[in-house]
Amino acid sequence: MANEKILIVDDDKNICDLLRLYLEKEGYQTFQAHDGEAALAAYTQNKPDLVLLDVMMPKMDGWEVCRRIRAQGQTPVIMLTAKGETFDKVLGLELGADDYVVKPFDSKEVVARIKAVLRRCTTAEEAHTGVISYDNLSVDMSRYELKVKGKVVDAPPKELELLNFLASHPNRVFTRDQLLDEVWGFEYYGDSRTIDVHIKRLREKLEGASDKWRLKTVWSVGYMFEVTD
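Since the model is a prediction, treat every value here as computed from it, not as a measurement.

Turning to the pattern of salt bridges, a few remarks are in order. When the charged atoms of two side chains lie near each other, side chains of opposite charge can form a pair. Evaluated as defined, the whole model comprises 19 salt bridges. Lysine 115 is the partner of glutamate 26 in a salt bridge, and the nearest nitrogen-oxygen pair spans 2.9 Å. Of this pair, glutamate 26 sits in the loop between α1 (13-25) and β2 (29-33) while lysine 115 is found in helix α5 (residues 107-127), placing the two residues 89 residues apart along the sequence. Among the residues examined, glutamate 26 registers a relative accessible area of 27% and is labelled partly exposed. Exposure remark for lysine 115: the relative accessible area of 35% places this residue in the partly exposed category. Lysine 59 is the partner of aspartate 35 in a salt bridge, and the nearest nitrogen-oxygen pair spans 3.9 Å. Taken as a pair, aspartate 35 in the loop between β2 and α2 (36-46) and lysine 59 in the loop between β3 (50-54) and α3 (62-72) lie far apart in primary sequence, 24 residues in all. The exposure class of aspartate 35 is buried, given its relative accessible area of 14%. Sharing partners across several salt bridges, the network here consists of Arg70, Asp98, Lys158 and Glu161.

There is a patch of nonpolar side chains on the surface, built from Leu18, Leu21 and Tyr22 and spanning about 270 Å² of accessible area. Secondary-structure assignment places tyrosine 22 in helix α1.

Thresholds applied
Residues numbered from 1 in each chain as written. Predicted model: local features only at pLDDT ≥ 70, side-chain atom pairs only at ≥ 80, totals over all residues. Heavy atoms only, no water. Salt bridge = Lys/Arg side-chain N within 4 Å of Asp/Glu carboxyl O. Helix = DSSP H or I, 4+ residues; strand = E, 2+ residues; numbered from the N terminus. Buried < 20%, exposed > 50% of the residue type's maximum accessible area, 1.4 Å probe, protein only. Patch = residues over 30% accessible without salt bridge, like charges linked within 9 Å, V, L, I, M, F, W, Y side chains within 5 Å. Areas by Shrake-Rupley, 256 points an atom, 1.4 Å probe, with all protein chains shown as cover.

Here it is, written out as structure tokens:
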């Protein structure tokens, strides 16, 4: 049985209670919050292993809550929302959400996604224990730290994870969907355009660092970390 702690955040108490029943049946500990400010307070107090986070809430919306959680750490976040527009999916990805479920949803599916995200994050943590180094570049996933020419460069978690994945497989081309699935795990709800956004931001931070490697666009296919020397 599971014993991880799950924070359920939704202004609809019926939804919270329904999810609580399913999660506690699976052995999870649960906590609830019904607005954005209460969510942050509960997050700080209970230190959950995963957050189920509604988007449209009073006092502070889920996007801002997700942004503030990401500023504090790497706790997995699954967004719950009635909206299904692509823009919302991309925004959630860019803010660092780990999965995205559109209402109305099946509670069993949510439980399955929680298990998948926790399993994926555990595997990622085990894999991200070393330092990848190239000329004027260092990616330290144990500290979530990016160094360019010896200086620490600020990079959000997903940018760093994307760079780490590509640099771990030099000279290998990945499609946008492959990268989305490997880094975010969004098999069904992701939008590949978020990869373009993250690559663009990484290129800005890595510009001029070295002529021995680069983030290369392979037209009509995807991206690769090309090592020339």
